Amino acid sequence: MSNKSLISVNDSFGAHNYHPLPIVISKAKDVWVWDVEGNKYMDMLSAYSALNQGHRNEYIIKKVKEQLNKVSLTSRAFHNDKLPLFLKKVCKFSGFEMALPMNTGAEAVETALKMARKWGYLKKKVAAGKAQIIVAENNFHGRTISIISFSTEKQYRDGFGPFTPGFKVVKYGDAGAIKKAINKNTVAVMLEPIQGEGGIIIPPKGYLKEVRKITRENKVLLMLDEIQTGLARTGKNFAYEWEQIKPDVLILGKALGGGVVPVSVVLASRSIMSVYKPGDHGSTFGGNPLASAAGIAALEYIEKHKLADRAQKLGEYFMKELRKIKSKHIQEVRGRGLLIGIELDTKARDYAEKLMQDGLLCKETHTRVLRFAPPLVITKDEIDWAMKRIQKVFEE
Ligand SMILES: *Cc1c(COP(=O)(O)O)cnc(C)c1O
């Protein structure tokens, strides 16, 4: 079938909750994908950073196939022999004491929110039903009703009320706003270290450090959502390392599944995690043996191939080259590691479509920002290949 006929079937039978670029991918390897008509493209979106290790990463696929030949799903009614190894691996990798496995990012965020509320009632003695969680404007943490309840993106909320109470939204990048918003019922502050969906917004230097200090002084949990920024994307294993801090709670997803299956976790200290008791929370697929095998392999690959260092070096090079482009439409090139945004004075979607015609896949975020976030296994030659196309589209 052709690209066009498959898109038409998709439009007939699928809900129209997305507006994808008109390409139908049928094959992929590392940074490359092919459509059903055999055209080859470079993937500079990486499924929003779920493909940090590249498409069909050989090592990860091998480990997942081995697991498929043993056992794929048990539920948590029983133990399985892969989950303990995954939990230990993700704790050692991140330096946290305990982990709670889920599947999607939104589920892990929900898990962290529930944990923070319960921690507030049990450990901070907040009055029943009063817990408050502070979040930032322009945030993206997923699409469940509770999560969109504190979104500031009009379309994410329109028509979906009533909303979950208990959240306070403050300006991103302003630690003083957090300090002012904290009261006796505040149990947590949840932030993205860099706002990815929000347009690759990097907060002012020292912001996270200051927020860390404020939350510690006020007995409030600092919870960082590194679903998009974590696992080597920004040139460190976790973006908070750029400010030499450590959150109380860390939320991971996306690349934790190695581009194969959804795997997410919430990480915390033993004392915080202990608020969860049997029956409090769960997931049928969370921590399944197949996901655990993928998660272990995903982390091993990041370590063994030093993907963080790679993202750091290649990201600097890529941004330096992007800044050389002469175009009156480019307002700013910003990013960290291989999470890069080009802010335009015009619609970014038009550029994404032109780049696609030249064999480069990327996506706009927030109308005027073009995001480049290739798999971290990309080579310098491949970045040069992409630069030729980007330069052409902007300079013609
Ligand atoms: C993608 C993302 C999520 C949601 O993850 P899903 O797997 O799509 O539910 C949450 N937070 C951030 C920062 C994300 O980038």
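The structure we're discussing is the one just above.
## Comments concerning the sheet that holds strand β12 (residues 339-344)
- If you walk across this open sheet you meet the four strands as β11-β12-β15-β14, and the pairing is antiparallel. For this open sheet the edge positions go to β11 (330-336) and β14 (363-365), each flanked by a neighbour on one side alone. On average, each strand axis in the sheet is inclined to that of its neighbour by 30°, with strand direction left out of account.
- The pairing of β12 with strand β15 (residues 369-372) spans four bridges and is antiparallel. Among the inter-strand pairings, E343 is bridged to a residue of β15, identified as V369.
- With respect to the sheet, helix α13 (residues 348-357) is in contact with β12, β14 and β15, its orientation differing from that of β15 by roughly 40°.

## As for the nonpolar core
- If you look at the biggest cluster of nonpolar residues, it comprises 78 residues, and the most contacted ones within it are L191, F318, L322, L370, F372 and I390.
- The element contributing the most residues to this core is helix α12 (residues 307-322), with eight residues.
- Shared between two domains, this core holds at least three residues of each, these being domain 1 (3-56 + 308-395) and domain 2 (58-304).
- Not counting residues within four places of it along the chain, the set of residues in contact with F318 comprises M44, L338, I340, F372, I383, M387 and I390.
- Counting 31 residues, the second-largest nonpolar core is a separate cluster that includes A112, A131, L221 and M273.

Basis of the calculations
Residues numbered from 1 in each chain as written. Predicted model: local features only at pLDDT ≥ 70, side-chain atom pairs only at ≥ 80, totals over all residues. Heavy atoms only, no water. Pairing = 2+ DSSP bridges. Helix = DSSP H or I, 4+ residues; strand = E, 2+ residues; numbered from the N terminus. Axes fitted to C-alpha atoms, helices over the stretch in contact; angles between N-to-C directions. Contact = heavy atoms within 4.5 Å. Core = buried A, V, L, I, M, F, W, Y, C linked by side-chain atoms within 4.5 Å. Buried < 20%, exposed > 50% of the residue type's maximum accessible area, 1.4 Å probe, protein only. Domains from an automatic or database assignment.

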